[in-house]
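Topology and contacts: notes
Single-letter residue listing:
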Amino acid sequence: MACQSVPAVMDEQALLGLNPNADAPYRQRALAYFEQLKESQDAWEVCADALANRIYSDDHVKFFCFQVLEHQVKFRHAGLSAAQQQLIRETLMKWLQCQLMNAQPEKTFIRNKAAQVFALTFVMEYLTLWPKFFFDILSLVGLSPHGVDIYLRTLMAIDAEVVDRDILHTPEETRRNTLIKDTMREQCIPNLVESWFQILTAYQQSHPELTCQCLEVVGAYVSWIDLNLIANERFVNLLLSQMSVEELREEACDCLFEIINKGMDPVDKTKLVESLCRVLQSAGFFNVEQEEDVDFLAKFSRLVNGMGQSLVLSWTKLAKCGNVKEAAETLQAVEAKVPLLLQLLVHEDDDISSNIVAFCYDYLHVLKQLPQLTEQQKTNIEAVMLAVMKKLTYDDEYNFENEGEDEAMFVEYRKQLKMLLDRLAQVSPELLLEAVGRVFTSTMQSWQTAPFMEVEVAIRLLYMLGEALPVSHGAHFSGDTAKTSALQDMMRTLVSCGVSGYQHTSVSLEFFETVVRYDKFFIVEPQHIPNVLMAFLDQRGLRHNSPKVRSRVAYLFSRFIKTLHKHMTAFIEDILTRIQDLLELAPPENGFLALLTSDDQLFMFEAAGVLIVSGESPVERKQALMRSLLMPLMDAFRLLLAKLLQETEEEHQAALANCLSHAVSFASRTSKAFSNKQTVKQCGCTEVYRDCLQNFLPALSCPVQRGALRSAVRSFLHRMIICLEEEVLPFIPAASEHMLKDCEAKDLQEFIPLISQITAKFKRQVSPFLQQIFMPLVLAIFEVLARPAEENDQTAALEKQMLRRSYFSFIQAIAGSGMNEVMANQGAENIERVLFTIIQGAVDFPDPIAQKTCFIILSKLVELWGGKDGMVGFPDFIYKHIVPACFLAPLKPTFDLSDAQTVLVRFWSRASSESLFWFVQNL
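Worth saying up front: this structure is predicted, and the values here are computed from it rather than measured.

**Structural notes on the overall build of the chain**
Within the chain, the regular secondary structure consists of 43 helices and 0 strands. Taking 923 residues into account, the globule formula puts the C-alpha radius of gyration at 29 Å, and the chain, at 38 Å, lies well above it. Dimensions of the chain along its principal axes, counting C-alpha atoms only, are 95 × 85 × 65 Å. When the 923 residues of the chain are sorted by exposure, 50% land in the buried category. In the chain, the share of contacts with a sequence separation of at least 24, taken over all contacts with a separation of at least 6, comes to 73%. Just so you have it, the chain exposes about 43,100 Å², and 52% of that area is on carbon and sulfur atoms. Taking the 85 positively charged and 116 negatively charged side chains of the chain as two groups, their mean positions are separated by 7 Å.

Below you can see the structure in the form of structure tokens.
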């Protein structure tokens, strides 16, 4: 149906809505008018007329007109008549001609949009209707600054449409773009290059912004045009001269980088880089220390990095091909750049240093491949090491208490330096170990008077050796004697020189990180454990004045204890006494700011549990210690729960529930100390955890803050099923009854894994309980799934989907447990209802994960109930419902075989069919 025609003049009222400050009704009218113009066969022509004849002076109206034209070119070009296509060409050229006469250029956003429309028209018509596109534009604009600006913007827009690899294109568009580039190379590229040279020459003084634009164009196009057009004496000399002009030097540097980056023969690439280097060096650009413009130096560093990486790539290709002579010459060229590399790497500005890291990394990779290193190469390696060590150092401005963007950038930069250190370790581990040892030892000898940044980086280097010198399972202190001896000496110095008392957060953190990184050292020299433990426990660690340090140390303390608990038997009760106040549950209403957060306390409770369980104390003593650890939690829990039941303010209720959850989590975390060798029963702790259950379970019946409390108690039950084994069973029925009352989808979804865990662990032991709870749980699930929800409520839909999956997983756990009686004893009506939900899940719901589970259940049920002695009526159900399901599911339009989960559904539906074949054979 033809679109309705629009009057030949523009709707002035609608145009008012284009103003950013316009009222909503006007904006809506403008939007509707835009859609009308876009879809009309010819009404868009009023926009072309407005642009060609400069009817409107309002910038927003001009932009609007270009948007309408853009839509026609981009989406409707093929449907336009020849006259309309001609009109677009004429409009663009008339508008461009107007720019030459304007005293002031259009706003930037209008020029960019115009360039975009020019580029789209070029893409659509260059190969067919407008082969003289560039000649027409160049002959019109000449050397008019306003016209040249549009020409250059158009070239960049064409690059975005035709060349830019970051933009995804269809295969057809890719073929078209390749043809456009081939045609341009044949017909107009030399002319374009000549125009660029003229622009760069003409405007470098009068209009530096145009020169910069042109340099950007050259950099963009050089990747796919004949390099000889650019990499020649007159062009390179021009670029080098512009590197001395303050306004142009950064863009000129970028342009040279793109020239260097162009793919080419390795020998030719080496010649190009070397010729450029000679010119740059003779022009004085290698004298980095005399250059004060850090922004330019950052660009220059990137250029040197590109040249270095290009040479390394050429060397790699030549070495692989066996071109010994050329490879040696290229390696010599690489080596010649190392002094400049080092100057840039060690520069005080991190951006300049960061830009050269990739070349440095590649150079070290080259050295790693060489059979033998020369003395000069060893000297270079040591120089890189010293540079990395220096650059790893914090500066005075780093804000440790309030880390912002600058600090985050330095952290990322440090990661780059770590990569270099790791590479250095691969090239020459002996040199690295020796260099780090030298720096570390000299710093530790005078740490009391050294600046914090020197002390921190010395310890940091020792820490980084742990990854740079890889070993199996952290065994740094066995094997190679030279290495272990050096590391052992450094660790001994670290823990005995007193540096743990240095008053700076960065040093404190690095000390404890390094102690835990090399925790195996204390197995070799356990005599240092008491001193390090005291550092953990006093104001240097867990009682440090910085919350950041205390928090991290809590985690590291837990790791330290878990690794070395066998060596701490003599200190267990002393440690527990010293950390007692850090294990207190902080009530929400006292306003006291605790030393540790609740998350930090989790690590402390785990450490305390490990100390108690792994000690050599008699069972009675372990039982008493564990009770003294858990009893305060139980007492606090009872008091807080009573307070919660009386509290009426929701905010206070949430705070109390949060505190109750922490108490349960702390108790749960202590149970992580137990293992197969040291079970709860063997340690005599069964009774205290049973007491915890008796104290915590009443929270399940609390009418307020149910979600938080149930989640905490449920997690505790998961742990107790593992730790208490059958001792937990008496608590399960009452807990389940409470958790099934007034529950939401999320509650049920989290409750089902608990039942599945019980089923998998205890099997027939819990068969009576499962028979009892089966239908109440199923009915609760059905009730929640049947609740109405708004059509667009994605959260509710996702919750129901996850609950449905959990439901099917529960049925699968029951069917796969071998407890046939659990489902069989639910009564024919209930069984049928459940079976129909499984059929529905297999066929009707477009959820492949649930479908797969359903077909697994059906296969299992056919095995259990399909034989001669199976359930009465089940063979009939097989024929009427299971057999059709195996064929209906794959026929659904939502059955997507490109999806991996759907492929698994197909596998299990086929498996169900095979079970049916078995069933027929055994009738």
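Here the narrative resumes, following the displayed structure.
**Looking at the environment of Val 872**
Residue placement: Val 872 occurs in the loop between helix 41 (848-865) and helix 42 (874-891). Taking the C-alpha atoms as reference, Val 872 lies 9.2 Å from Ala 828; in sequence the two are 44 residues apart.

**Points about the packing of helix 15 (residues 294-321) against helix 19 (residues 357-369)**
It is at 8 Å that the axes of helix 15 and helix 19 come closest, and there the two elements cross at 25 degrees. The angle between helix 15 and helix 19 places the two elements in the roughly parallel class. Here the hand of the crossing between helix 15 and helix 19 comes out left-handed. Here Val 304, Asn 305, Gly 308, Gln 309, Val 312 and Trp 315 of helix 15 come into contact with helix 19, specifically with Val 357, Ala 358, Phe 359, Asp 362, Tyr 363, Val 366 and Gln 369. Its residues assigned to classes, the contact of helix 15 with helix 19 comprises 8 nonpolar, 4 polar and 1 charged.

**Description of the nonpolar core**
Counting 316 residues, the largest nonpolar core has Met 10, Met 184, Trp 196, Phe 300 and Tyr 689 as its most contacted members. With 12 residues, helix 23 (residues 452-468) is the largest single contributor of residues to this core. In this view, Met 184 contacts Phe 122, Tyr 126, Phe 134, Ile 189, Leu 192, Tyr 221 and Trp 224; residues no more than four positions away in its chain are not counted.

**Remarks on unusual backbone geometry**
Positive phi is not limited to glycine here, since Arg 54 has a value of about 50 degrees. Tracing the backbone through its elements, the reader meets Arg 54 in the loop between helix 3 (45-52) and helix 4 (59-75). Taking relative accessible area as the criterion, Arg 54 reaches 46% and is therefore assigned partly exposed. Here Glu 725, not a glycine, exhibits a phi torsion of approximately 55 degrees, which is positive. On the basis of relative accessible area, Glu 725 is assigned to the partly exposed category, the value being 36%.

**Considering the packing of helix 9 (residues 171-187) against helix 10 (residues 189-203)**
Relative to each other, helix 9 and helix 10 sit at 70 degrees, their axes nearing to 5 Å. The angle between helix 9 and helix 10 places the two elements in the roughly perpendicular class. On the side of helix 9, the interface is formed by Met 184, Arg 185 and Gln 187, while helix 10 contributes Ile 189, Pro 190, Asn 191 and Leu 192. Residues that form the contact of helix 9 with helix 10 fall into these classes: 4 nonpolar, 2 polar and 1 charged.

**Focus: the environment of Ala 797**
With respect to the helices and strands, the residue Ala 797 is situated in helix 38 (residues 794-816). Ala 797 sits in the partly exposed class, given a relative accessible area of 44%. Separated by 12 residues in sequence, Ala 797 and Leu 785 have C-alpha atoms that sit 9.7 Å apart.

**Details of the packing of aromatic side chains**
For the structure on display, the rule yields 39 aromatic pairs. Ring geometry for Trp 447 versus Tyr 502: centroids 6.1 Å apart, planes at 55 degrees, classification tilted. Of this pair, Trp 447 sits in the loop between helix 22 (429-445) and helix 23 while Tyr 502 sits in the loop between helix 24 (481-496) and helix 25 (505-517), and the two are 55 residues apart along the sequence. Here Tyr 502 falls in the buried class, since its relative accessible area comes to 14%. Taken together, the ring pairs in this structure connect Phe 511, Phe 512, Phe 521, Phe 522, Phe 536, Phe 557 and Phe 560 into an aromatic cluster. Over the aromatic face of Tyr 394 sits the side chain of Arg 414, whose NZ or CZ is 4.3 Å from the ring centroid. Its guanidinium or amino end placed over the ring of Tyr 463, Arg 517 lies 4.1 Å from that ring's centre, counting from NZ or CZ.

Rules and cut-offs
- Residues numbered from 1 in each chain as written.
- Predicted model: local features only at pLDDT ≥ 70, side-chain atom pairs only at ≥ 80, totals over all residues.
- Heavy atoms only, no water.
- Helix = DSSP H or I, 4+ residues; strand = E, 2+ residues; numbered from the N terminus.
- Rg over C-alpha atoms; globule rule 2.2 N^0.38 Å.
- Buried < 20%, exposed > 50% of the residue type's maximum accessible area, 1.4 Å probe, protein only.
- Contact = heavy atoms within 4.5 Å.
- Areas by Shrake-Rupley, 256 points an atom, 1.4 Å probe, with all protein chains shown as cover.
- Lys, Arg positive; Asp, Glu negative; His and termini not counted.
- Charge placed at Lys NZ, Arg CZ, Asp CG, Glu CD.
- Axes fitted to C-alpha atoms, helices over the stretch in contact; angles between N-to-C directions.
- Parallel < 35°, antiparallel > 145°, perpendicular 65-115°, else oblique.
- Left-handed = near helix turned anticlockwise from the far one by under 90°.
- Nonpolar A, V, L, I, M, F, W, Y, C, P; charged D, E, K, R; others polar.
- Core = buried A, V, L, I, M, F, W, Y, C linked by side-chain atoms within 4.5 Å.
- Phe/Tyr/Trp six-rings, centres within 6.5 Å; stacked < 30°, edge-to-face > 60°.
- Lys NZ or Arg CZ within 6 Å of the ring centre and 35° of its normal.

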